[in-house]
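For reference, the chains in residue letters:
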Amino acid sequence: MYVAVKGGEQAIDNAHKLLAEARRGDPAVAELTISQISQQLGIAVDRVMTEGSLYDRDLAALAIKQARGDIIEAVFLLRAYRTTLPRLGVALPIDTAAMTIERRISATFKDLPGGQILGPTFDYTHRLLDFALVVGGEVPVGPLPVTMADPEAVPRVTDILGAEGLLEAETADDDQPVGDITREPLAFPADRDVRLQCLARGDEGFLLALGYSTQRGFGKTHPFAGEIRMGTVAVEIVPEELGFAIDIGDITVTECQMVNQFKGSKNRPPQFTRGYGLAFGHSERKAMTMALVDRALRTKELGGEVTAPAQDEEFVLSHCDAVAASGFVEHLKLPHYVDFQGELGTVRALRRSCQNAAQEDGAKTEDGDV
Amino acid sequence: MSDILGGYNFAYLDEQTKRMIRRAILKAVAVPGYQVPFAGREMPLPYGWGTGGIQVTASVISADDVLKVIDQGADDTTNAVSIRRFFAKTAGVRTTTKTAEATLIQTRHRIPERRLTEGQIIVYQVPNPEPLRWMEPRESETRKMHALLEYGAMHVKLYEDIVHFGRIATSYDYPVRVNGRYIMAPSPIPKFDNPKMDGMPALQLFGAGREKRIYAVPPYTRVESLDFEDYPFEVQRWDQSCALCGATDSYLDEVITDDRGGRMFVCSDTDHCSERRAASDEAEGDGIRRPVEEEAAE
């Protein structure tokens, strides 16, 4: 008889049991630990922290474990946790010029103060599967070259360019309140602070495709990777009762400053403009693509005409969030039979009137097609 | 209740957030049909799965409320079960499957068949709060259109339906005008349910979590489904009656029974159906009440 909608509770319980079992896999194989994930799947952890907008390696690693490696699901878990946290204070803006550098490259100058520091990068590796890792490859032993550079000796490329006036100045207006997309609904047109927050939380794959599209002619921005730097920066807060800044810890971030050619407009002389990307951890692809899209979204501000998807802020900002997007796409799994019943009725009625009209016209009607 | 989830506030959301949402609800009630932006939170359930409705429910629920949650008219559909459990766990409130018993009803895609009464609140889960979205994808534009009462595009769309198909081809999420002013998306309820919204004694609240909008229809407010004088609004009708309870006046779901075209029609509103069956069992005098729906309260 009619059982389609019965048994929901039991089915959910059973599904969750199966999920727990599937997550664990073969019990004969050792279970992953949180520290293994945070140490050895570091880039996945960085991505989950970035898109989850919560800097906590252990929680991100836990989310990855619980999500069975599904990164978007892990971001969702971390966000849902983050939203319950009290806000104890607001940090001062981090100073990436004072970064303890692990990696720093510029594509615009062959050499520059502080030099080019490759750091731990996939770049220039040959993508050959390393079968030595199957049995547990040992890292090359011996002293590693020290790459930590003195921050003062590594000025930002954008500061070097800016000194000559070739690059648009970017000065913080600290009197302006900073938006918070987790506490205020997004409204359009959006200011750059809000846009950058959306991009920072935005899905890496979506932004990658959009950034790529600007390189293929859909909203060209003439970008140069002015500088990419990765390393640790201090986070400081000013507790009200103290009145001065104290260092509460270090975080690792990746920053990308794109330098984009700009021919000038009525109000601006020709100069280079900026696209900015910042992400937690070692998230270079994300920072680069964020910078590309940031610059594309400045098209209107710089007097250009918005023609390409990457330049359209409603399109980009309304759709870049993977948690919102996956939730809504996957909600199609939920029952829709009430609406579908309505559509069935409509389509049947439309087909009937179509057939009646055809019969009246004396035209040949298809047989058996009800 | 002892098994309320520890470490979280009553009904999950913190009181500041609830206050922010209640302010949005008050504004929504004051301006019927107007979409109030609110700072929607990330919920532990996915966007598109009722996060807007859940936030509204969490903000208005109190310990003595009796909650009913339905999806497609049924209390036992998986997502309804999941949301009901969420509130049983985070607020410890009593839950019910009976429309008459509930003080608060969260719904997806249906309005119960039984007429709701004063003092009840019905919370709709809304995927797309903007009725003009399919004509104009830009939020910045649609907000202007609402402000300027620029609803021509909607009427043209309905008119084009008539020209193409000889009828208005929208069968759910059928646009309504609230209190003679705002055009509003009733959420994807079948148009069969639209007339129930008109002059409803209960308070109707709408939550769209992903889109961060709340809107409302206060009790006894005029809600008209858009139509034309020569093409008046009509609701769905069936040639069949419910195969279980014999109802001829309820919204029916089609259930496929075999792979040779066999099908039956049953009430989409499971409480309505089981109540009718219980009543007819009693009338037949066998004295045995056969509860078809088990109590969801645990």
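Residues numbered from 1 in each chain as written. Chains lettered and ligands numbered in written order. Predicted model: local features only at pLDDT ≥ 70, side-chain atom pairs only at ≥ 80, totals over all residues.

(A) Structural view of the overall build of chain A. The secondary structure content of chain A amounts to twelve helices and four strands. Relative to the globule expectation of 21 Å for 370 residues, the C-alpha radius of gyration of chain A, 26 Å, shows a markedly less compact shape. C-alpha extents for chain A along the principal axes are approximately 85 × 65 × 55 Å. In chain A, which comprises 370 residues, the proportion classed as buried is 31%. Contacts spanning at least 24 positions in sequence make up 65% of the contacts within chain A whose residues lie at least 6 apart. (Helix = DSSP H or I, 4+ residues; strand = E, 2+ residues; numbered from the N terminus. Rg over C-alpha atoms; globule rule 2.2 N^0.38 Å. Buried ≥ 20, exposed ≤ 12 C-beta atoms within 10 Å, placed from the backbone. Contact = placed C-beta atoms within 7 Å.)

(B) The interface of chain B and chain A, seen in detail. Between chain B and chain A, the residue contacts involve 47 residues of the former and 39 residues of the latter. Among the elements of the structure, α3 (78-90), α4 (139-147) and β11 (252-256) of chain B are those that each provide at least two residues to the side of chain B that touches chain A. Top contributing element to the side of chain B that touches chain A by residue count: α3 of chain B, with four residues. A breakdown of the residues in the side of chain B that touches chain A according to their chemical character gives 20 nonpolar, 15 polar and twelve charged. (Nonpolar A, V, L, I, M, F, W, Y, C, P; charged D, E, K, R; others polar.)

(C) Quick peek at unusual backbone geometry. The step from Phe188 of chain A to Pro189 of chain A runs through a cis peptide bond, and the omega angle for that step is -5 degrees. By the secondary structure assignment, Pro189 of chain A is in the loop between α6 (157-163) and α7 (192-201). With phi around 55 degrees, Asn179 of chain B is a residue other than glycine that occupies positive phi space. By the secondary structure assignment, Asn179 of chain B is in the loop between β6 (176-178) and β7 (182-184). You can call Asn179 of chain B partly exposed: it has 16 C-beta atoms within 10 Å. Residues other than glycine seldom take positive phi values, yet Lys212 of chain B does so here, at roughly 55 degrees. With respect to the element layout, Lys212 of chain B can be found in the loop between β8 (203-208) and β9 (213-217).

(D) α7 of chain A, seen in detail. In terms of burial, α7 of chain A is largely enclosed, as seven of its ten residues are buried. Next to the buried residues of α7 of chain A lie α3 (42-52), α8 (204-215), β4 (273-280), α9 (284-297) and α10 (313-319) of chain A.

(E) Inspection of the domain arrangement of chain A at higher detail. Residues and elements named next belong to chain A. Assigned domains of chain A: these are domain 1 (9-82) and domain 2 (96-121 + 152-171 + 180-327). Centre-to-centre separation of domain 1 and domain 2, based on C-alpha positions: 29 Å. Contacts between domain 1 and domain 2 engage 14 residues on the former and 14 residues on the latter. Contributions of two or more residues to the side of domain 1 that touches domain 2 are made by α3 and α5 (71-82). Class assignment of the residues belonging to the side of domain 1 that touches domain 2 gives a composition of seven nonpolar, three polar and four charged. (Domains from an automatic or database assignment.)

(F) How the structure looks around the pairing of strand β2 (residues 223-237) of chain A. Residues and elements named next belong to chain A. Inspection of the sheet shows strand β1 (residues 100-105) paired to β2 by five bridges, in the antiparallel sense. Pairing of Ile105 across the sheet is with Ile228, part of β2. As defined by bridge partners, β2 adjoins strand β3 (residues 246-260) across 14 bridges and the pair is classed as antiparallel. Across the sheet, Val233 pairs through a bridge with Ile251, a residue of β3. (Pairing = 2+ DSSP bridges.)

(G) Structural view of the sheet that holds β4 of chain A. Residue and element names in this part refer to chain A. The four strands are arranged β1-β2-β3-β4 in an open sheet whose pairing can be described as antiparallel. Here the strands that pair on one side only, and so sit at the sheet edges, are β1 and β4. For this sheet, the mean angle separating the axes of adjacent strands, direction not counted, is 20 degrees. One ladder, built from eight bridges, connects β3 with β4; its direction is antiparallel. Paired with Met258 across the bridge in β4 is Gly275. (Axes fitted to C-alpha atoms, helices over the stretch in contact; angles between N-to-C directions.)

(H) Here's a closer look at the sheet that holds strand β10 (residues 223-225) of chain B. Residues and elements named next belong to chain B. With antiparallel pairing, three strands are arranged side by side in an open sheet as β7-β6-β10. Since the sheet does not close on itself, it has two edges, and those belong to β7 and β10, each with one partner. The sheet shows a mean angle of 30 degrees between the axes of neighbouring strands, taken without regard to direction. Where β6 meets β7, three bridges bridge the pair, whose relative direction is antiparallel.

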